[in-house]
Amino acid sequence: MAEEEETAAPAEKVLRIQRVFINLLDSYSSGNIGKFLSNCVVGASLEEITEEEEEEDENKSAMREASTTKVKEGTFQVVGTLSRPDSPQPNFAVETYSAISREDLLLRLLECDVIIYNITESPQQVEEAIWAVSALNEEVSHFEKQKVFILLSTVLTWAKSKSLDPEDSEVPFTEEDYRRRKAHPNFLDHINAEKMVLKFGKKSRKFSTYVVAAGLQYGAEGGILHTFFKMAWLGEIPALPVFGDGTNVIPAIHVLDLAGVIQNVIDHAPKPRYLVAVDESVHTLEDLVKCISKNTGPGKIQKIPRENAYLTKDLTQDCLDHLLVNLRMEALFVKENFNIRWAAQTGFVENINNILKEYKQSRGLMPIKICILGPPAVGKSSIAEELSKYYKLHHIQLKDVISEAIAKLEAIVAPKDVGDVGEGEEEGEEEEEEENVEDAQELLDGIKESMEQNAGELDDQYIIRFMKEKLKSMPCRNQGYILDGFPKTYDQAKDLFNQEDEEEEDEVRGRMFPFDKVIIPEFVCALDASDEFLKERVINLPESIVAGTHYSQDRFLRALSNYRDINLEDETVLNYFDEIEIHPIHIDVGKLEDAQNRLAIKQLIKEIGEPQNYGLTDEEKAEKEWKAAEERLAREAAEEAEREHKEAVETAEKIARWEEWNKRLEEVKREERELLEAQSIPLRNYLMTYVMPTLIQGLNECCNVRPEDPIDYLAEYLFKNNPEAQ
């Protein structure tokens, strides 16, 4: 290739590479690549992988968690950007940046030895990747040591490439054909970015550039296939959708294997600058979806028109482009020259068990299996119903399981029209169906005979069979279950949970016998109460609830007596769980004095822990937000009404106090006036007797005479005519 260069860095120089920049560390692809590299010792892939190491890797989980932010000695130091400022910093990253300017980001890039720009998940990152490689190219003269730029692109830049052999469409493309690649119309920016990155790598030995074209990424949290995993896990649809005929070949790779390819690019500094990263499989869309459906969901697929794919709200245009591509590719150079500890070299289908295990662990989708036991009327069903709502588990009751099993058998036996055969069914399945019909008819006859011989009761062998089938059904294996009041006896528990496959009987300790780990409950709740309490509870039930149920007096007393007799024996169902070291949670309902069993439910939730599912659906989130808003409005309205009431009361009190104060003020003034009047009577009498007559005469005289100084004249007159002086 004209763009290829001789490797400029010897092994010791490669080992100097320590700091790795990766964009969008909070995304699926970049996050898993960063986590992988943070656990890789620099230069480790330069050593050949021994058979012993391969065996060790097979025994280890593909997901290697970084348990601390402390950087291990010799491993890559991962730094990078985050898509959102509020995203938490991944624990494997040394530093993260968000809402950073281009100038500051360039300074951070110059501090790194390896710069990885992942444009497989966010098309908006294409422009930033072009800017980054251009800005770094301008600073090449200031590089103290060699830097490596890796553009992680997608095989969609090959989607419209013409076949290598017109007569044989199955000939795969390899890295050597990269100049002939033609991009999907929606990925023209990606192919332009690839060309620019390769161009800058020609100009200087200090700046090596690589393009890695990755297939559809799977593994860990699921990537694009997460939507199908979720549909299958929830079990809300009878078949998983396949868009179109499903025969299109999709190049794919496990996200950790892709990280291994990048590790090898960093360590080996290979001559080819354009690499393809895909596994060895040739899987079609139908292969992938059918595998997910079989191992996680209903086991069926339904082919729908390609245009209907755009109605799937969880799939973006970018996701659909990857799912609908039809492309055969082979990563020859990666397979022949790199040392990769493959997680899924042979592809998705062959490694589905490990992939499914990774997915459930990454998403926290561990099934919760609960068994609730206790005497009649203790509240098993009501508690199981509330727990099933809280944890979103399947509430399993014996009568429902039997009815469902018989109905299923009758449906198999019932004659079918030719048109009833589904689109995905093949002609070769007809013989198998005929055998199933015969088996179903034989089983129905056995059930009928058993019920006739046991006064309408079904024999334990059929009950155990139906219950085991129910517990092993995919919905129960995915989400878990709450087993309501069954098994009732030691033998029923042993038969139900016994390990059928002798090869898997690897856990025998003392008298403990092997049990089926797939269906065994994780939590056993033993409810109890005194007979008096239970009788009182049944007596207080409304007649409408009691009528026709096992709570009628005779049936209830007989069931209670039978339960006590069974649990007085040496081998009880609780003894069985104790023997296999699943110790029951004992709750005395009678002592709680809670008719609604809220305290018992609260105690069980505390013991069991938080739900382990996808969380609330969009509808449930909307309903929860609506209820929260309604409660908030009601609370605010109540607070406003209370405030207005307080203000009205305070205003009324102020008015009352004001009126009382004015009333008292008037009373005080009246009392003062009366007091003054009473005190002025002697003075008035004295003035009228001794002062006023003389004063009046003096005033009259003064008016007659009209002296120049009337005051002095009046004083002289009063002095002369003072009655006491006379």
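The structure displayed is predicted, hence computed values, not measured ones. (Residues numbered from 1 in each chain as written. Predicted model: local features only at pLDDT ≥ 70, side-chain atom pairs only at ≥ 80, totals over all residues. Heavy atoms only, no water.)

**Student:** How should I be thinking about the sheet that holds strand S4 (residues 114-118) in this particular structure?
**Tutor:** Two pairing modes exist for strands in a sheet, parallel and antiparallel, and in both the strands are linked by backbone hydrogen bonds. Across the sheet, seven strands lie side by side as S3-S2-S1-S4-S5-S6-S10; this open sheet has parallel pairing. Two strands bound the open sheet, and with one partner strand each, they are strand S3 (93-97) and strand S10 (274-277). The mean angle between the axes of side-by-side strands here comes to 20 degrees, regardless of whether they run parallel or antiparallel. When strand S6 (residues 207-214) meets S10, the two strands line up parallel, connected through four bridges. The partner of Val212 across the bridge, within S10, is Leu275. Its contacts with the sheet place helix H5 (residues 125-138) against S4, strand S5 (147-154) and S6, and it is angled at close to 160 degrees to S4. (Pairing = 2+ DSSP bridges. Helix = DSSP H or I, 4+ residues; strand = E, 2+ residues; numbered from the N terminus. Axes fitted to C-alpha atoms, helices over the stretch in contact; angles between N-to-C directions. Contact = heavy atoms within 4.5 Å.)

**Student:** Please explain the pattern of salt bridges as it appears in this structure.
**Tutor:** Should their charged atoms come close, side chains of opposite charge can pair. Scanning the entire structure with this criterion turns up 19 salt bridges. As a salt-bridge pair, Arg84 and Asp86 come within 3.8 Å of each other at their nearest N and O atoms. Of the charged contacts, one joins Lys472 and Asp516 as a salt bridge, the two residues approaching to 3.2 Å between their closest N and O atoms. One end of the pair, Lys472, is in the loop between helix H16 (460-471) and helix H17 (474-478); the other, Asp516, is in the loop between helix H18 (490-497) and strand S15 (523-528), with 44 residues separating them in the sequence. What you see here is one network of salt bridges that share partners, running through Glu286, Lys290 and Lys303. (Salt bridge = Lys/Arg side-chain N within 4 Å of Asp/Glu carboxyl O.)

**Student:** Honestly, the packing of H5 against helix H6 (residues 188-200) in this entry has me stumped. Any pointers?
**Tutor:** When two helices pack together, their arrangement is given by the angle between the helix axes and by the axis-to-axis distance. At their nearest, the axes of H5 and H6 sit 10 Å apart, and the two run at 10 degrees to each other. Judged on the interaxial angle alone, H6 and H5 are roughly parallel. Between H5, through Val126, Ile130, Val133, Ser134 and Asn137, and H6, the contact on the second element is made entirely by Asp189, His190, Ala193, Met196, Val197 and Phe200. (Parallel < 35°, antiparallel > 145°, perpendicular 65-115°, else oblique.)

**Student:** Would you mind showing me how to read the pairing of strand S8 (residues 240-243) here?
**Tutor:** Of the two faces of S8, the one lined by Leu240 and Val242 and the one lined by Pro241 and Phe243 are each fully buried. Bridge analysis of S8 against strand S11 (residues 301-304) gives four bridges, and the strand direction is parallel. Residue pairing for S11: Val242 is matched across the bridge by Lys303. (Buried < 20%, exposed > 50% of the residue type's maximum accessible area, 1.4 Å probe, protein only.)

**Student:** Hey, could you run me through the environment of Lys300 in this one?
**Tutor:** Looking at where Lys300 falls in the secondary structure, it is placed in the loop between helix H9 (285-296) and S11. What makes Lys300 exposed here is its relative accessible area of 53%. In this structure, the C-alpha to C-alpha distance between Lys300 and Lys290, residues ten residues apart in sequence, is 6.8 Å. Excluding anything up to four places from it in sequence, Lys300 contacts Pro238, Ala239, Leu240 and Ser293.

**Student:** Could you clarify how one ought to interpret unusual backbone geometry in this entry?
**Tutor:** One can expect most non-glycine residues to show negative phi and most peptide bonds to be in trans. A cis amide bond, omega 0 degrees, links Phe486 with the succeeding residue Pro487. Despite not being glycine, Ala99 has its phi angle at roughly 50 degrees, a positive value. Along the chain, the position of Ala99 falls in the loop between S3 and helix H4 (102-110). Exposure remark for Ala99: the relative accessible area of 78% places this residue in the exposed category. Phi angles above zero are rare outside glycine, and Ala269 is one such case at about 45 degrees.

**Student:** Could you clarify how one ought to interpret the side chain of Ser293 in this entry?
**Tutor:** Looking at where Ser293 falls in the secondary structure, it is placed in helix H9. Within the structure, the side chain of Ser293 is placed 2.7 Å from the backbone oxygen of Lys300, a separation counted as a polar contact. Other than its neighbours up to four places away in sequence, Ser293 contacts Leu240, Pro298, Gly299, Lys300 and Ile301. (Polar contact = N/O pair within 3.5 Å; in protein donor to acceptor, adjacent residues only side chain to side chain.)

**Student:** Where do I start with the side chain of Ser388 in this structure?
**Tutor:** Tracing the sequence through the fold places Ser388 in helix H13 (residues 380-391). Given the relative accessible area of 10%, Ser388 is considered buried. Polar contacts involving the side chain of Ser388 include one to the main-chain carbonyl oxygen of Glu385, which spans 2.6 Å.

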